[in-house]
Structure formats: C-alpha cells, structure tokens
Amino acid sequence: METLIEAMKRYFATHFQYYTKAHGFHVNVVGSDFTQRHKLFGKIYEDAQGAIDDIAEHIRAIEGIAPFALKRIQDLGRIKDSSEAPNDMKMVRELLADTQIVIDHLEECHDIATEFRKFGLINFIEGRLDIHAKYMWMLRSTLE
Ligand SMILES: [Fe+2]
C-alpha cells in the first residue's frame, strides 16, 4: 500500500501546484481574448480547487498523510512555477503541458490502485482523468 500512498501524495502535490497556477493565470491573464482566457482558466482553477479536498481525503482513506506544508508540496510536485505572468497564449501552452503532467500522475495512480483493488479510488481517478482530458481538448483547441 505504501507505493499507492506515495504515488497519491505526489499526485496531490502536483495537483495543488496545478490549482495554484491556474488560479494565478485566471487572475493575471492579459490579451485581446481576455474574457475567454479568464473564463477558461477560471473553470479549470475552480474545479481543481474543489478536488483538493477529495484527493486529500482519498489519501487519508488509504491511511496516508496528505501533504500540507508548502515546502513539502514543492518538493513532491512536478509542476514548475512561472517566474512571471506570461502572456495569454503562453499561459495556455503552459497549462496544457501541466495538464499532461497531472494526467501522467493519475495514470500512475490508476495502475497502482488497480494492483491493490481499490475500486472506489479507481473510480475517483477515472473521473479526474475524464475532467483533465476535457481541459486538454479545450486548451489544445485554443491554440489551433
Ligand atoms: Fe475570479
């Protein structure tokens, strides 16, 4: 079970970073399509914010400790900070790449949860995969 707990902790940390970045992009976006980008980033950050508690509680359910120290989240997570607020299309490209990182974590967790027959968690992970696949589509379409 330790491998699943560790994978879920890494996913949680990356998800937390993802939420933070999407919220920051929502607030700081500039550009000619401001309203559309602002709304898209808003949709992503609001969903991600809502999922933080669910992911943490799933970690507790498998008897892990959900990371909560910011330093720990930075150490465990794979999403890089933006040093400054990039322009709107650069934000879209960055969030697209970051969404793929979140998906990679989810796929890893799915594989391990399957080994442990954690069906409730698998169901949750599949739901998150669906949501992030939709964001991939929306962000990709914005770039085309
Ligand atoms: Fe807002």
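See the structure shown above.
Basis of the calculations
Residues numbered from 1 in each chain as written. Predicted model: local features only at pLDDT ≥ 70, side-chain atom pairs only at ≥ 80, totals over all residues. Heavy atoms only, no water. Axes fitted to C-alpha atoms, helices over the stretch in contact; angles between N-to-C directions. Helix = DSSP H or I, 4+ residues; strand = E, 2+ residues; numbered from the N terminus. Parallel < 35°, antiparallel > 145°, perpendicular 65-115°, else oblique. Left-handed = near helix turned anticlockwise from the far one by under 90°. Nonpolar A, V, L, I, M, F, W, Y, C, P; charged D, E, K, R; others polar. Salt bridge = Lys/Arg side-chain N within 4 Å of Asp/Glu carboxyl O. Buried < 20%, exposed > 50% of the residue type's maximum accessible area, 1.4 Å probe, protein only. Core = buried A, V, L, I, M, F, W, Y, C linked by side-chain atoms within 4.5 Å. Contact = heavy atoms within 4.5 Å. Expected span 1.5 Å × (residues − 1). Bend = angle between axes of the 7 residues up to and from the residue.

> Talk me through the packing of helix H4 (residues 88-115) against helix H5 (residues 119-143); I want residue IDs and the actual numbers.
Close contact between H4 and H5 brings their axes to 9 Å; oriented N to C, the two are set at 160 degrees. As far as their axial angle goes, H5 and H4 are roughly antiparallel. As H4 packs across H5, the resulting crossing turns out to be left-handed. A per-class count over the contact of H4 with H5 returns 18 nonpolar, 6 polar and 5 charged.

> Outline the pattern of salt bridges, listing residues and values.
Opposite charge on two side chains permits them to pair, given that their charged atoms come into close proximity. In this structure the tally under the stated criterion is 7 salt bridges. Taking the shortest distance from any N to any O, the salt bridge between Lys-21 and Asp-98 comes out at 2.8 Å. Taken together, the positions of Lys-21 in helix H1 (residues 2-28) and Asp-98 in helix H4 put the pair 77 residues apart, joining distant regions of the chain. Asp-98 matches Lys-21 in its accessibility class, with the two residues each being buried. One salt bridge in this structure joins Arg-37 and Asp-33, with 3.6 Å as the shortest N-O distance. Given the relative accessible area of 34%, Asp-33 is considered partly exposed. Via salt bridges that share partners, Lys-21, Glu-94 and Asp-98 belong to a single interconnected network.

> Can you lay out the nonpolar core for me, pointing to particular residues and giving the numbers?
If you look at the biggest cluster of nonpolar residues, it comprises 47 residues, and the most contacted ones within it are Met-8, Tyr-18, Phe-41, Ile-44, Leu-95 and Leu-139. With residues near it in sequence (within four places) discarded, Met-8 still touches Ile-55, His-58, Ile-59, Ile-62, Cys-109 and Leu-121.

> Got a sec to walk through the environment of His-58? Specific residues and values, please.
Among the secondary structure elements, His-58 is positioned in helix H2 (residues 34-61). Given a relative accessible area of 22%, His-58 falls into the partly exposed group. Once the C-alpha coordinates of His-58 and Phe-124 are considered, the two residues, 66 residues apart in sequence, prove to be 8.8 Å apart. Each residue touching His-58, except ones within four places of it in the same chain, is listed here: Met-8, Gly-120, Leu-121 and Phe-124.

> Pulling in residues and values, what's your account of unusual backbone geometry?
Despite not being glycine, Glu-63 shows a phi value in the positive range, around 70 degrees. Phi is positive for Arg-117, which is not a glycine, with a value near 55 degrees. Note that Arg-117 resides in the loop between H4 and H5. Using a relative accessible area of 60% as the deciding quantity, one classes Arg-117 as exposed.

> Which residues make up H2, and what values go with them?
Between its first and last C-alpha atoms H2 spans 41 Å; for 28 residues at 1.5 Å apiece the expected length is 40 Å, and the two agree. At Ala-51, H2 shows its largest kink, close to 30 degrees. Turning to H2, its buried residues are Arg-37, Leu-40, Phe-41, Gly-42, Ile-44, Tyr-45, Ala-48, Ala-51, Ile-52, Ile-55, Ala-56 and Ile-59. Against H1, H4 and H5 lie the buried residues of H2.

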